Amino acid sequence: MIKILLNGSKGRMGQAILAVAPNHDAIISSAIDEGDDLSKAIVECDVVIDFSFHSVTLPVVELAAKHKKPVVIGTTGHSAEDKEKILSFTKAIPIVWAGNYSTGVNLLFYLTQKAAEVLNADFDMEIIEMHHHHKKDAPSGTAARLLEVLQDVSGIKDDQVAHGRKGIIGERPKNEIGMHCLRGGDVVGEHTVMFSGIGEKVELTHKATDRKIFANGSVKAAHWVLTQDAGLYSMQDVLGLK
């Protein structure tokens, strides 16, 4: 039985983790949210799970590093500066950082890489994601990771990514990736990577219908990270997909 400090416990993901933790030999030793004092709670836990807000992650990781506690980060929307500072603590503690903790989505990352390796020279690549109307950041952390996968394979740069299109833009450039973010209703999360060639199209799609899939994955990551050396890890490391 592991003891988890859950930061962001009042949010949608926090509530889902509270619900599933007992099913995974885990207890929430401290359910923390904005304004709560972490200094005592950090001592009583084995591992920290952060599903709070991007501006909160850095001080949480800093405190965790001070007390040598591993961290699982599910928060998205961090600035480049904050990402760099957070990553500096991977020299002291193991951190699992993923935009999505679903087993299916992490398989999607893997399959996207394999498809891009085969298709990217002759196929146009587009990403489409949709989430509920409460989501604050765009693109989603999952869509951003899918973009990274395509860029790593294709060599396409950030200034060659089209975040939506409008007006008389001319023909689609060959070396371009389209990113399209949809928001509405109570959609938990849908992601499609589209490879469009001449005469054929390949689509890889994942649809989430229950936040518990992310909660289950994050608790699985919490168990796994406890036995790891200091460093940065992804959910693909947790699942053995690398």
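Report on the accompanying structure. (Residues numbered from 1 in each chain as written. Predicted model: local features only at pLDDT ≥ 70, side-chain atom pairs only at ≥ 80, totals over all residues. Heavy atoms only, no water.)

1. Let's talk about the sheet that holds strand 8 (residues 177-183)
Threshold: Pairing between strands requires that DSSP locate at least two bridges from one strand to the other. In DSSP terms, a helix is any run of H or I states spanning at least four residues, a strand is any run of E spanning at least two, and both are numbered starting from the N terminus. Think of each axis as a best-fit line through the C-alpha atoms, taken over the contacting stretch in the case of a helix, with angles from 0 to 180 degrees between the N-to-C directions. Here a residue-residue contact requires only that any non-hydrogen atoms of the pair lie within 4.5 Å.
Pairing is mixed in the open sheet, where five strands are placed in the order 7-8-6-9-10. The open sheet terminates on both sides in strands that have one partner only, identified here as strand 7 (161-163) and strand 10 (201-208). Sheet twist, expressed as the mean angle between neighbouring strand axes with direction ignored, is 15°. Here strand 7 pairs with strand 8 via three bridges, running parallel. Its bridge partner lying in strand 8, V161 is registered against I177. The strands touched by helix 5 (residues 103-119) are strand 9 (189-196) and strand 10; relative to strand 10, the strand with the most contacts, the crossing angle is about 170°.

2. So, the nonpolar core
Generally speaking, soluble globular proteins have nonpolar side chains that are buried together. Applicable threshold: For the purposes of this section, nonpolar cores are sets of buried Ala, Val, Leu, Ile, Met, Phe, Trp, Tyr and Cys residues that join through side-chain atoms within 4.5 Å. Three labels apply to residues, based on accessible area from a 1.4 Å probe with only protein chains included: buried if under 20% of the type maximum, exposed if over 50%, partly exposed otherwise in between.
Ranked by internal contacts, the top residues of the largest apolar core, which has 27 residues, are I4, I17, I49, V72, V96 and Y101. Looking at this core, the elements with two or more residues in it are strand 1 (2-7), helix 1 (12-20), strand 3 (47-50), helix 7 (212-225) and helix 8 (235-239). Apart from the residues within four sequence positions on either side, I4 is in contact with A26, I27, I28, S29, S30, C45, V47, I49, V219 and A222. Within the second largest apolar cluster, 20 residues are counted, among which are F109, A116, L119 and I177.

3. Section: unusual backbone geometry
In this structure, P139 follows A138 across a cis peptide bond, with omega equal to -5°. With respect to the element layout, P139 can be found in the loop between strand 6 (124-131) and helix 6 (141-154). Despite not being glycine, D25 shows a phi value in the positive range, around 50°. With respect to the helices and strands, the residue D25 is situated in the loop between helix 1 and strand 2 (26-32). A positive phi angle, near 60°, is found at K68, a position not held by glycine. In this fold, K68 is placed in the loop between helix 3 (54-66) and strand 4 (71-73). Exposure remark for K68: the relative accessible area of 57% places this residue in the exposed category.

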